[in-house]
Amino acid sequence: MKYQFNEQELLSLFYKQEDNLRPYMTAPFLKNGYVCATEAHILIKIKAETLNGEYRETEFCNIEWPADNCNFFVSLQEIETVLSSIPKVEEEKKIREDIMCMECAGEGVVEWEYQDKSGHYHYVEHECPMCEGSGFKSESRYVKTRRMIPYEESGIQVRRIVIKAEFLEVLSKAMRIIGVDEIRCVHQAPTNPCIFRVDDNIEIIIMPRLGEADYRIEGRDAE
């Protein structure tokens, strides 16, 4: 069975088109029979045989999926209701990526050498004079889009763990594209991925964040 949803629109929610440090994350990729897309904090994996596109296999992204330890449903309505209650800020779109300083290889510091009158050498690490310690030749630039969105750093507690609002917004958009009204949560742990399962072919994995949350989603227990 092949899914009928727009797979490119769906996958594009989960990765960035530019990533100087992890170029393999700038497009969907094939891994162990699944098409995956990720920006390192949220990931979708879909059984390749259910999609229509062709994707390149990668040797990166070796992730061990934890076993199921919970079983409850979260509805699209719950997610969107919570997101609508979060204070809104104007969206900013990145129009220029960071460019790493090649003098210090992004470290922000360089080693300086001094030879004293006895011929001995001395070394000290100091702020890179080329990037003034930032590690970048030029830094990201953003522009405001005039679109109001939920404050992405807001924490939303989904039963036992807290998830950033921006990732739950991605989850809600993915559910709309796939065409499901609720999604099953099958794994939760404070510092491990939270796994949401659409069906036997599609899973969405979100890393939790530390800290308290002002908003909460309880969901309903699976029967």
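Everything numeric in this text was worked out from a predicted model, so none of it was measured.

Visitor: Could you give me a rundown of the sheet that holds strand E13 (residues 182–189), with the residues and numbers involved?
Guide: What the eight strands build is an open sheet, ordered E1-E2-E3-E15-E14-E13-E4-E17; its pairing is antiparallel. Of all the strands in the sheet, the pair left with one neighbour each is strand E1 (29–31) and strand E17 (220–221). Bridge analysis of strand E4 (residues 72–75) against E17 gives two bridges, and the strand direction is antiparallel. Residue pairing across strands places Phe73 opposite Arg220, the latter belonging to E17.

Visitor: Lay out the packing of aromatic side chains in plain terms, naming residues and giving numbers.
Guide: On inspection of all chains with the given rule, the structure shows one aromatic pair. On the basis of an interplanar angle of 25 degrees and a centroid distance of 5.0 Å, the ring pair of Tyr3 and Phe5 is categorised as stacked. A cation over an aromatic ring shows up here: Lys45 above the ring of Tyr34, its NZ or CZ 4.4 Å from the ring centre. Stacked on the ring of Phe72, the Lys or Arg Arg159 has its end atom at 4.2 Å from the ring centre.

Visitor: Outline the sheet that holds strand E12 (residues 161–164), listing residues and values.
Guide: Taken in spatial order, the three strands make up an open sheet running E12-E11-E16, and their pairing is mixed. Each edge of the open sheet carries a strand with a single partner, namely E12 and strand E16 (215–217). Between one strand axis and the next, the sheet turns through 35 degrees on average, direction left out of account. Of the pairings in the sheet, the one linking strand E11 (residues 155–158) to E12 comprises four bridges and is antiparallel in character. Within E12, the residue paired with Gly155 across the bridge is Lys164. The strands touched by helix H2 (residues 76–85) within the sheet are E11 and E16, with E16 carrying the most contacts at an inclination of about 175 degrees. Across the sheet, helix H3 (residues 165–178) lies against E11, E12 and E16, angled at about 80 degrees from E12, the strand it touches most.

Cut-offs applied
Residues numbered from 1 in each chain as written. Predicted model: local features only at pLDDT ≥ 70, side-chain atom pairs only at ≥ 80, totals over all residues. Heavy atoms only, no water. Pairing = 2+ DSSP bridges. Helix = DSSP H or I, 4+ residues; strand = E, 2+ residues; numbered from the N terminus. Phe/Tyr/Trp six-rings, centres within 6.5 Å; stacked < 30°, edge-to-face > 60°. Lys NZ or Arg CZ within 6 Å of the ring centre and 35° of its normal. Axes fitted to C-alpha atoms, helices over the stretch in contact; angles between N-to-C directions. Contact = heavy atoms within 4.5 Å.

By themselves, these are just geometric observations and shouldn't be taken as functional.
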